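# Close look at the chain arrangement
What follows is each chain in one-letter form.
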Amino acid sequence: MEQDVENSLFDLSIDETAKDHLRRISSWTMIIVITAVIGYVVAIIKALMPKTQGTQSEGFGISINTGQNLGSVILGILIGLLLNYFLYQFANLTKRGVNGMSQTDLNAGFYNLKIYFVIISVLVIIVLAFVLLVLLAIGAKAAGK
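Here we summarise the structure given alongside this text.

In this section: the overall build of the protein chain. For the protein chain, the count of helices and strands is four helices and two strands. Counting from the amino terminus, helix and strand elements in the protein chain follow one another as α-α-β-β-α-α. Excluding contacts between residues fewer than 6 apart, the proportion of contacts in the protein chain whose partners are at least 24 apart in sequence is 65%. As displayed, the protein chain offers around 11000 Å² of accessible surface, 68% of which is attributable to carbon and sulfur atoms.

Structure, rendered in structure tokens:
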């Protein structure tokens, strides 16, 4: 009896407007994932293309090579694929949960979205810490002159 009362308190109840919003969010998330994967393919193709020599600046003799090496491209793609996997899972499970009125699928979808934002947050903190260290190093070097 207690089990029935607990289930009735937490059953999934979503109105049609919320269902429509969740379906649209899932569709846009899938578009983002597909676009990102296409971008990764283009990045790999661009990284594998032969590098052109740096441009000669008029009168200054400066050679600039702005190409990225293959290792950094692959690392960026692996991180991106990891992130987009959780977005894909969110889109897939949320759409399935809304269409089938499955609270389990909807919860799993939102859990994957939570993981996505946790990973993004950790990466942002790491990048900001690295930028802070670089700025401190530059400041210390400038003060030491």
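Below, the discussion takes up the side chain of Thr-94. Mapped onto the elements of the fold, Thr-94 is located in helix H3 (residues 70-100). Taking relative accessible area as the criterion, Thr-94 reaches 0% and is therefore assigned buried. What Thr-94 contacts, discounting residues up to four positions off in sequence, is Leu-22, Ser-26, Gln-89, Asp-105, Leu-106, Gly-109 and Phe-110.

Take the pattern of salt bridges next. Under the criterion given, the structure shown has three salt bridges. Here Glu-16 ties to Lys-19 by a salt bridge, and the two come within 3.3 Å at their closest N and O atoms. Remark: Lys-19 and Glu-16 occur in helix H2 (residues 16-48); sequence separation between them is three residues, near one turn of the helix. One salt bridge connects Arg-24 with Asp-20, and the closest N-O pair in it is separated by 3.5 Å. Residue Arg-24 and its partner Asp-20 are both found in helix H2; the two are separated by four residues, about one turn of the helix.

The next thing to look at is unusual backbone geometry. Positive phi, normally seen in glycine, also occurs at Met-101, with a value near 50°. Mapping Met-101 onto the fold places it in the loop between H3 and helix H4 (103-144). On the basis of relative accessible area, Met-101 is assigned to the partly exposed category, the value being 37%.

To continue, consider the nonpolar core. Within soluble globular proteins, side chains that are nonpolar generally end up buried alongside one another. Membership of the largest hydrophobic core is limited to eight residues, which are Val-33, Leu-83, Phe-86, Leu-87, Phe-90, Leu-113, Tyr-116 and Ile-119. Sorting the residues of this core by element identifies H3 and H4 as the ones contributing at least two each. Looking at this core, the element that brings in the most residues is H3, giving four residues. Ranked by size, the runner-up nonpolar core spans five residues in total, among them Ala-36, Tyr-40, Val-73 and Ile-77.

For the rest of this paragraph, the subject is the packing of aromatic side chains. Counted according to the given criterion, the structure contains three aromatic pairs. Relative to Phe-86, the ring of Tyr-85 lies with its centre 5.5 Å away and its plane at 70°, an arrangement referred to as edge-to-face. You can call Tyr-85 partly exposed: its relative accessible area is 44%. Each ring, one from Tyr-116 and one from Phe-117, has its centre 5.1 Å from the other, and the planes form 75°; the classification is edge-to-face.

Below, the discussion takes up the environment of Leu-87. Note that Leu-87 resides in helix H3. On the basis of relative accessible area, Leu-87 is assigned to the buried category, the value being 8%. In the structure, Leu-87 is positioned 54 residues away from Val-33 in sequence and 6.9 Å away in space, judged by C-alpha atoms. The contact partners of Leu-87, leaving out residues within four places of it in the chain, are Thr-29, Ile-32, Val-33, Leu-113 and Tyr-116.

What counts, and where the lines are drawn
- Residues numbered from 1 in each chain as written.
- Predicted model: local features only at pLDDT ≥ 70, side-chain atom pairs only at ≥ 80, totals over all residues.
- Heavy atoms only, no water.
- Helix = DSSP H or I, 4+ residues; strand = E, 2+ residues; numbered from the N terminus.
- Contact = heavy atoms within 4.5 Å.
- Areas by Shrake-Rupley, 256 points an atom, 1.4 Å probe, with all protein chains shown as cover.
- Buried < 20%, exposed > 50% of the residue type's maximum accessible area, 1.4 Å probe, protein only.
- Salt bridge = Lys/Arg side-chain N within 4 Å of Asp/Glu carboxyl O.
- Core = buried A, V, L, I, M, F, W, Y, C linked by side-chain atoms within 4.5 Å.
- Phe/Tyr/Trp six-rings, centres within 6.5 Å; stacked < 30°, edge-to-face > 60°.

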